[in-house]
Amino acid sequence: MDLAPLCRSLQGNVNDSCHNVNIETECKVLIVNTGHSPTPPAGGTASHRNGVGDEVCIKELGCFTLSKDFYHPQFRPCNVLPEPRSLINTRFVLFTRNNVHQGKFLNADNETSIRESGFNPNHTTRFIVHGYQENPLHDAWVLIMMKEFLNQNDTNVMIVDWSKGSQPPYIQAVANARVVGAEIARMVNALKKFGNLTTSMLHIVGHGLGAHVAGYAGQSILPMVNRITGLDPAYKYFCNMPENVRLDSGDANFVDVIHTELKAYDSGHGGCHKLGHVDFFPNDQTVASHPYYEVIGDHQKAASLFISTIRNRTCKMIGYWCRSYKAFLRGECGDCGSDGSQCAIMGFRADQYEPFKSSNFSSMYLVTGSYPNFCVYEYRLRMVLESTDPGLEKHTKSGNLLLLLRGQRKPLFVPLRFYSMHSGKEYTFLVTSAVNIGEIQNVTVRWQEQGVYDERFHSGEAVWYFQNSNVNIERINVTRLNFEPSEEMRNPTEVTYCKREADSEPGWMSYFPDCS
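Definitions and limits used
Residues numbered from 1 in each chain as written. Predicted model: local features only at pLDDT ≥ 70, side-chain atom pairs only at ≥ 80, totals over all residues. Heavy atoms only, no water. UniProt positions renumbered as here; feature names shortened; annotations may be inferred. Helix = DSSP H or I, 4+ residues; strand = E, 2+ residues; numbered from the N terminus. Contact = heavy atoms within 4.5 Å. Expected span 1.5 Å × (residues − 1). Buried < 20%, exposed > 50% of the residue type's maximum accessible area, 1.4 Å probe, protein only. Salt bridge = Lys/Arg side-chain N within 4 Å of Asp/Glu carboxyl O. Disulfide = S-S within 2.5 Å. Pairing = 2+ DSSP bridges. Axes fitted to C-alpha atoms, helices over the stretch in contact; angles between N-to-C directions. Polar contact = N/O pair within 3.5 Å; in protein donor to acceptor, adjacent residues only side chain to side chain.

- With an unreviewed UniProt entry as reference, the protein chain is termed Pancreatic lipase-related protein 2, source organism Araneus ventricosus.
- Listed in UniProt under the heading Subcellular location (unreviewed entry), the comment for the protein chain reads: "Secreted".

Shown next as structure tokens:
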């Protein structure tokens, strides 16, 4: 079968639009799997229903047009029309605290199904939308998120099941996403009519392709949806596309996004990366692997992180604006700014950033740990070297810096490698702990130029016997980056630790917060 109807460019040249071998293969797979081009509406044929300007109209949902916005020679050279509504078969299942284990199916055309469902308009309503090749009533992350929402507070949790429309080929699932978005908008209108839902209490959470489904729904709902959360939004066929084609900050009053699987589609935070009012980039878009992912799914990292922020109320995962993740690890960032706009809590409580949604500082970096809580305690350290050795001003010095942060609860040992240090200069870096070490009582430091360390030091014993060094640190400033932002406290507190030679152990230098 000729691929031209499937992959027609604006000029009508199949070679221009399907220049990518993988995309051309996907178009062929679509034909092989179905035996024909995507199913056209009654009275139409596939040969004239898959080019720019063609459309399919679905009763009660409207028309879906392949406009020029849905075409790009590099990022979206192939387009197909959605499948029939009956094949996509979008279903809505409501869970509340009264029916946690047995959801109730709602039908937008059936007033009784809504009025007798237990839906409470006085409670927040949260829609959960799955992604490509997922089944929401069997995939662990969907059910876990639903239960965590209900554990947090009495909520209407609506699981959106479009599993039949999210199956391969991917290009067809991408097209079907528009229909599912319209189905959600229609259900919201039914809940407004029969259940007195107010959109100011509506939150839609979408994972992968489901993040863009949430965006399509938001485009069609009035008054505007209060919040949309995108968890690893799909990039293929959405990257660098116009705002009406993908999830965008204009789709809800507040849009927050967590990225853990960024692809190398572009080099900056463009249409691929920056999608919401605030975007979080944990661990430079990766999460350490853990056996937990055998259950939750390795491709569902952002969902796992978001779920952990619902249940964990003690450790806040806070992202900070920075020019890059490497700069963040070097400790160059860790300030929320004078108005608090340069940091934000990631996950469930990200909507606290809403007052700053117009800020230019909305790309946030942070470090996360492993299952089950993922949250780590981050400390930004700044240290200033004394200008006491003229020799150090003329050349660089390399070696290991050994630090012991003695917390109220337990000590934290930090070995650092420096390849160049200059007398009189300031150095910053970030250190993390999987547990809360408590308020830091003092910091003990040693500089070594060679040798290995004795792991017994992890118990707090000073058992080092290395050559003395002439690298002297004047003071150390420590900032705990995990804190609770508020009107009274917009920035984390930085504590200065000053040298106290009288209390230092042989070969070590101790620093205490009393600098008087």
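Next comes the rest of the write-up.
Quick notes on the environment of Phe127
Thought 1: For Phe127, the location among the structural elements is in strand E5 (residues 125-129).
Thought 2: Put simply, Phe127 and Val157 are 30 residues apart on the chain and 5.9 Å apart in space, counted from C-alpha to C-alpha.
Thought 3: Dropping the residues within four chain positions of it, Phe127 is found in contact with Phe92, Met158, Val160, Ile184, Met187, Val188, Leu191, Leu202, His203, Ile204 and Val205.

Some words on helix H7 (residues 209-220)
Thought 1: In this model H7 runs 18 Å from its N-terminal to its C-terminal C-alpha over twelve residues, within 8% of the 16 Å that 1.5 Å per residue would give.
Thought 2: The buried fraction of H7 is high, at ten of twelve residues.
Thought 3: Here the buried face of H7 lies against E5, helix H6 (170-195), strand E7 (202-207) and strand E8 (227-231).

Here's the deal with the pattern of salt bridges
Thought 1: Applying the stated criterion across every chain, the model contains 16 salt bridges.
Thought 2: Note that Arg311 and Glu148 form a salt bridge whose closest N and O atoms lie 3.2 Å from each other. With Arg311 in helix H9 (residues 301-311) and Glu148 in helix H5 (residues 140-152), the pair connects residues that are 163 residues apart, well separated along the chain.
Thought 3: The partner of Glu426 in a salt bridge is Arg382, and the shortest N-O contact between them spans 2.7 Å. Taken together, the residues span a long stretch of sequence, with Glu426 in strand E17 (residues 426-433) and Arg382 in strand E14 (residues 377-385) at a distance of 44 residues.
Thought 4: Classification of Arg382 as buried rests on a relative accessible area of 17%.
Thought 5: Through salt bridges with shared partners, a single ionic network connects Glu60, Arg85, Asp109, Glu183 and Arg186.

Considering the state of the cysteines
Thought 1: Under the defined criterion, the tally for this structure stands at five disulfides.
Thought 2: Disulfide pairing is shown between Cys315 and Cys375; the S-S distance is 1.9 Å. An S-S torsion of about -65° defines the bridge between Cys315 and Cys375 as left-handed. With Cys315 in the loop between H9 and strand E11 (318-321) and Cys375 in the loop between strand E13 (363-366) and E14, this residue pair connects regions lying 60 residues apart in the sequence.

Describing the sheet that holds E8
Thought 1: Spatial strand order, E4-E3-E6-E5-E7-E8-E9-E10-E13-E11-E12: eleven strands in an open sheet with mixed pairing. Each of the sheet's edge strands pairs with one partner strand only, and the pair in question is strand E4 (104-106) and strand E12 (343-345). Recorded for the sheet is a direction-independent mean angle of 25° between the axes of neighbouring strands.
Thought 2: Inspection of the sheet shows E5 paired to strand E6 (residues 156-161) by five bridges, in the parallel sense. Its bridge partner lying in E6, Phe127 is registered against Met158.
Thought 3: Across the face of the sheet, H5 comes into contact with strand E3 (91-95), E5, E6, E7 and E8 while running at roughly 170° to E5.

A closer look at unusual backbone geometry
Thought 1: A cis amide bond links Pro168 with the next residue in sequence, Pro169, at an omega value of 0°.
Thought 2: Counting through the fold element by element, Pro169 comes out in the loop between E6 and H6.
Thought 3: Note the cis peptide between Leu222 and Pro223, where omega equals -10°.
Thought 4: Structurally, Pro223 can be placed in the loop between H7 and E8.
Thought 5: A positive phi angle, close to 60°, is found at Gln133, a residue other than glycine.
Thought 6: By the element assignment, Gln133 lies in the loop between E5 and H5.
Thought 7: For Gln133, a relative accessible area of 46% puts it in the partly exposed group.
Thought 8: Even without glycine at this site, Asn240 takes up a positive phi of about 65°.
Thought 9: Relative to the assigned elements, Asn240 resides in the loop between E8 and strand E9 (254-258).

Focus: the pairing of E13
Thought 1: Burial along E13 is two-sided: the residues Ser363 and Tyr365 and Met364 and Leu366 are all buried.
Thought 2: The sheet contact formed by strand E10 (residues 278-282) and E13 spans four bridges and is parallel. Across the sheet, Pro282 pairs through a bridge with Leu366, a residue of E13.
Thought 3: Judged from the two bridges that link them, E11 and E13 form a sheet pairing that is antiparallel. When the bridges of E13 are listed, Trp321 appears paired with Met364.

Details of the side chain of Arg382
Thought 1: Of the polar contacts made by the side chain of Arg382, one reaches the side chain of Glu426; its length is 2.7 Å.
Thought 2: If near-sequence neighbours (up to four positions away) are discounted, Arg382 is found in contact with Glu426, Tyr427, Thr428, Arg475, Ile476, Asn477 and Glu494.

Some words on the pairing of strand E18 (residues 440-448)
Thought 1: Extensive coverage of E18 is indicated by the burial of eight of its nine residues.
Thought 2: Summarising the sheet, E18 and strand E21 (residues 509-512) pair through three bridges and their orientation is antiparallel. Following the sheet pairing, Val443 is matched in E21 by Tyr511.

Some remarks on the environment of Leu385
Thought 1: The topology assignment puts Leu385 in strand E14.
Thought 2: Spatially, the C-alpha atom of Leu385 lies 8.2 Å from that of Tyr427, the residues being 42 residues apart in sequence.

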